[in-house]
Amino acid sequence: MLTRSEIRGCLTARGPAQEELFAEARRLREEHFGRTVVLRGVIEITNVCRVNCDYCPMRRDNTRDNDRYFMSSDDMVDRAREIRDAGIDIVLVQGGETPRNLSAVEEAVPRIRELFDGRVEILLNLGNMRRGQYEHLRELGATSYILKHETSDPRLHEAMRHETLDERLRCMRDLLDLGYRVGTGLISSLPGQSLDSIVDDIELAASLGVHMCSVSPFVPAPNTPLQLAPIGSNELALNTLAALRVHLPSLLIPSVSALEKTSQGGQSRGLAAGANVMTVNFTGETDRNRYLIYGKDRYVVRKQHVQELVAQAGLRTRGSVFLDAPTPGGALRYAS
Ligand code: SF4
């Protein structure tokens, strides 16, 4: 593990020092995971959200103007079948935070498990919920959950998300306690964020004991209060990613599409900086165009793009690392 000043030093490394940092991050990735990259398939199930994050075009204040959609459980299962047929065993079900399609998700989760004969990681990214709701989804067969803390600075968190960091952390602790494999994540170059705050983000991931953590450079999206803010630095995002790998070598760290959005070749550099997860988009075209995560011209990741990048990096794709690992808190029998 690194000290605070070592983490800070990683964040500002450039030139040969940055290359050295990335080489160490790649070495540790290989030591812990071999020369592999975990492949996920994502389904984006709704663009409606009750939260009002200042950086997101799907924020609550935009709901009326957005072309809203809710995917049915049948559609979710159809998309999951495509993921299975593509040889991927992680189904990431992602959407805005809304109770309105929770019942469709609850219906889909056991059906997706059945589709894969139980050999599937069902990874949810659906926002804050009550502990009982997480527990029910876990019983139905959800394996893992992404709930990004976004920024560990409580004041900045509240200013940007209009929600408390404490409540977010309560959710994460509930998820961990219920035996989920949990992923957090941060946005780097968020307006008003200091370098020390990013050091805090990395230390928070360590203290929570999460299994996954992402780093996304800030993208000023249209129709948001931050649309005129400067675009995030890819160098800072990549250095943060590499620092995470060196500090917490066994984390799953994705090379996210925002890296590609902010700089062509960004996802390839994410792999060079120590990332070991990539996500392919399986949302149907109509819904995909309505899922405005970074605005209408977001970068949509296809399987071929991922395969090319992974091969260029001298790596190979692999399935879930969690399927054969012992479940935290003991085995769970899923409801059928
Ligand atoms: S970032 Fe997530 S929680 Fe925030 S408004 Fe967008 S969809 Fe909702």
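Small disclaimer: the values here were computed from a predicted structure and weren't measured.

Caption draft 1: Main features of the overall build of the chain. Secondary structure assignment for the chain yields 13 helices and eight strands. Against the 2.2 N^0.38 benchmark of 20 Å for 336 residues, the chain shows a C-alpha radius of gyration of 19 Å, consistent with a compact globule. Structurally, the chain occupies a C-alpha span of about 55 × 45 × 35 Å along its principal axes. Counting every position in the chain, which comprises 336 residues, the buried fraction comes to 59%. Taking contacts inside the chain between residues at least 6 apart in sequence as the whole, the part at least 24 apart equals 78%. For the chain, the accessible area works out to roughly 13,900 Å², and carbon and sulfur atoms hold 47% of it. Distance between charge centres in the chain, computed from 42 positive and 44 negative side chains, equals 1 Å.

Caption draft 2: Expanded view of empty space enclosed by the protein. Counted under the stated rule, the structure contains two cavities of 30 Å³ or more. Estimates place the volume of the second largest cavity at around 30 Å³. Residue lining of the second largest cavity: Gly96, Thr98, Asn101, Leu102, Val105, Leu126 and Met129, and that is the complete set.

Caption draft 3: Highlighting helix α7 (residues 165-177). Compared with an ideal rise of 1.5 Å per residue, which puts 13 residues at 18 Å, α7 spans 18 Å between its outermost C-alpha atoms and is within 8% of the ideal. Taken together, the buried positions of α7 are Leu165, Arg168, Leu169, Cys171, Met172, Asp174 and Leu175. Where α7 is buried, its residues contact α5 (131-140), β4 (144-146), α6 (154-161), β5 (181-188) and α8 (195-208). Note on α7: the residue one or two positions beyond its end, Gly179, has a positive phi of about 90°.

Caption draft 4: Seen up close, the site of the ligand. The ligand sits among Cys49, Val51, Cys53, Tyr55, Cys56, Met58, Arg59, Gly96 and Arg161. In terms of residue class, the shell around the ligand is built from six nonpolar, one polar and two charged.

Caption draft 5: Representation of the UniProt feature "binding site: S-adenosyl-L-methionine" (unreviewed entry) in the chain. Here the UniProt-annotated "binding site: S-adenosyl-L-methionine" (unreviewed entry) positions come out as Glu150, Arg161 and Arg168. A stretch of 19 residues holds the annotated residues, and the largest C-alpha distance among them is 10.7 Å, short enough that they meet in one place. Mapped onto the elements, Glu150 comes out in the loop between β4 and α6. Glu150 sits in the buried class, given a relative accessible area of 12%.

Cut-offs applied
- Residues numbered from 1 in each chain as written.
- Predicted model: local features only at pLDDT ≥ 70, side-chain atom pairs only at ≥ 80, totals over all residues.
- Heavy atoms only, no water.
- Helix = DSSP H or I, 4+ residues; strand = E, 2+ residues; numbered from the N terminus.
- Rg over C-alpha atoms; globule rule 2.2 N^0.38 Å.
- Buried < 20%, exposed > 50% of the residue type's maximum accessible area, 1.4 Å probe, protein only.
- Contact = heavy atoms within 4.5 Å.
- Areas by Shrake-Rupley, 256 points an atom, 1.4 Å probe, with all protein chains shown as cover.
- Lys, Arg positive; Asp, Glu negative; His and termini not counted.
- Charge placed at Lys NZ, Arg CZ, Asp CG, Glu CD.
- 1 Å grid on protein atoms, 1.4 Å probe; cavity = no way out; pocket = protein on both sides within 12 Å on 5 of 7 lines; lining within 4 Å.
- Points joined across faces, edges and corners; volume = space filled by probe spheres on them.
- Expected span 1.5 Å × (residues − 1).
- Near = heavy atom within 4 Å.
- Nonpolar A, V, L, I, M, F, W, Y, C, P; charged D, E, K, R; others polar.
- UniProt positions renumbered as here; feature names shortened; annotations may be inferred.

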